[in-house]
Amino acid sequence: MTTKNIMIVGVGGQGTLLTSRILGGITTKAGYDVKLSEVHGMAQRGGSVVTFVRYGESVAEPIVEEGQADVLIAFERLEALRYAHFLKKDGVIIVNDQRIDPITVVTGAAAYPENIIETLQKEHNVIAVDAMGEAKKLGNAKVFNTIIIGVAAKRMDFDKEQWLEVIQETVPPKTVEINKKAFEAGYLLG
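Residues numbered from 1 in each chain as written. Predicted model: local features only at pLDDT ≥ 70, side-chain atom pairs only at ≥ 80, totals over all residues. Heavy atoms only, no water.

**Overview of the overall build of the protein chain**
For step 1, the next point in the chain: Regarding its fold elements, the protein chain presents 8 helices and 6 strands.
For step 2, the next point in the chain: Computed over the C-alpha atoms, the radius of gyration of the protein chain is 16 Å, within 12% of the 16 Å expected from 2.2 N^0.38 for a compact globule of 190 residues.
For step 3, the next point in the chain: Its C-alpha atoms give the protein chain principal-axis dimensions of about 50 × 40 × 30 Å.
For step 4, the next point in the chain: Expressed as a percentage of its 190 residues, the buried residues of the protein chain come to 48%. (Helix = DSSP H or I, 4+ residues; strand = E, 2+ residues; numbered from the N terminus. Rg over C-alpha atoms; globule rule 2.2 N^0.38 Å. Buried < 20%, exposed > 50% of the residue type's maximum accessible area, 1.4 Å probe, protein only.)

**Some words on the packing of aromatic side chains**
For step 1, the next point in the chain: Counting across every chain of the model gives 8 aromatic pairs.
For step 2, the next point in the chain: For the ring pair F75 and F144, a centre distance of 5.4 Å and an interplane angle of 80° mean the geometry is edge-to-face. Here F75 is found in the loop between β4 (69-74) and α2 (77-83), whereas its partner F144 is found in helix α6 (residues 144-153), with 69 residues between them in sequence. Grouping residues by exposure puts F75 and F144 together as buried. (Phe/Tyr/Trp six-rings, centres within 6.5 Å; stacked < 30°, edge-to-face > 60°.)

**A few points about the sheet that holds strand β5 (residues 87-96)**
For step 1, the next point in the chain: Here we have 6 strands laid out as an open sheet, ordered β2-β3-β1-β4-β5-β6, and mixed in their pairing. Across the chains shown, the open sheet's two edge strands, defined by having one partner strand only, are β2 (33-39) and β6 (125-129). Within this sheet the neighbouring strands show an average axis-to-axis angle of 15°, counted without direction.
For step 2, the next point in the chain: By the bridge criterion, 4 bridges tie strand β1 (residues 4-11) to β4 in an arrangement that is parallel. Within β4, the residue paired with I6 across the bridge is V71.
For step 3, the next point in the chain: Strands β1, β2, β3 (48-56) and β4 of the sheet are contacted by helix α1 (residues 16-29), whose axis makes an angle of about 5° with β3. (Pairing = 2+ DSSP bridges. Axes fitted to C-alpha atoms, helices over the stretch in contact; angles between N-to-C directions. Contact = heavy atoms within 4.5 Å.)

**Some words on the side chain of N179**
For step 1, the next point in the chain: With respect to the helices and strands, the residue N179 is situated in helix α8 (residues 176-189).
For step 2, the next point in the chain: Judged by its relative accessible area of 5%, N179 falls in the buried class.
For step 3, the next point in the chain: Aside from chain neighbours lying at most four places away, what touches N179 is V143, T146, I167 and V171.

**Quick notes on the pattern of salt bridges**
For step 1, the next point in the chain: Taken as a whole and judged by the stated rule, the model has 9 salt bridges.
For step 2, the next point in the chain: The partner of D70 in a salt bridge is K88, with the nearest N and O atoms 2.9 Å apart. With D70 in strand β4 and K88 in strand β5, this residue pair connects regions lying 18 residues apart in the sequence.
For step 3, the next point in the chain: Among the ionic pairs, D101 bridges to R99, the shortest N-O distance being 2.6 Å.
For step 4, the next point in the chain: Residue class for R99 comes out partly exposed when judged on its relative accessible area of 40%.
For step 5, the next point in the chain: Residues participating in the shared-partner salt-bridge network are K29, E165 and E169. (Salt bridge = Lys/Arg side-chain N within 4 Å of Asp/Glu carboxyl O.)

Nothing here speaks to function; it is all geometry.
Shown next as structure tokens:
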């Protein structure tokens, strides 16, 4: 097996680190060599957060180079646009269709780009999901990232039950049931 590269991007507080731990857990459980790398940036101030998950028979380094990501999971539209150049030609972007204004937009120093999803679709395979809306239907907006994991799971070679097991082992105990429901919702959307 050649090494698979997954990049997870979002804004501080969106659960990118938890998502990378779940992806690391599923790939480790499957017996792969796994490397994780987290780049926090200004996470505590709503800044960009990037995590890399690389897995395969033997993985030398944790960083995904530009043009090498098989999957780009983006928890916010602008973050998808910002990091799309990391995607392989035949890769896929899974994006939460949500807008979070960066500080430059809030202060009026910059404008939030229009039609981000449409722009990305011109050059990439894009799966856009209103994961926040789906999470709110479940009664907990915080599980939108687990919905995205469910969507991504449909494009990976791991059994659904393995995903649910890793989610149970990784999320805080009091959130296991809602996260399982969120995963199932995303899996159906995928």
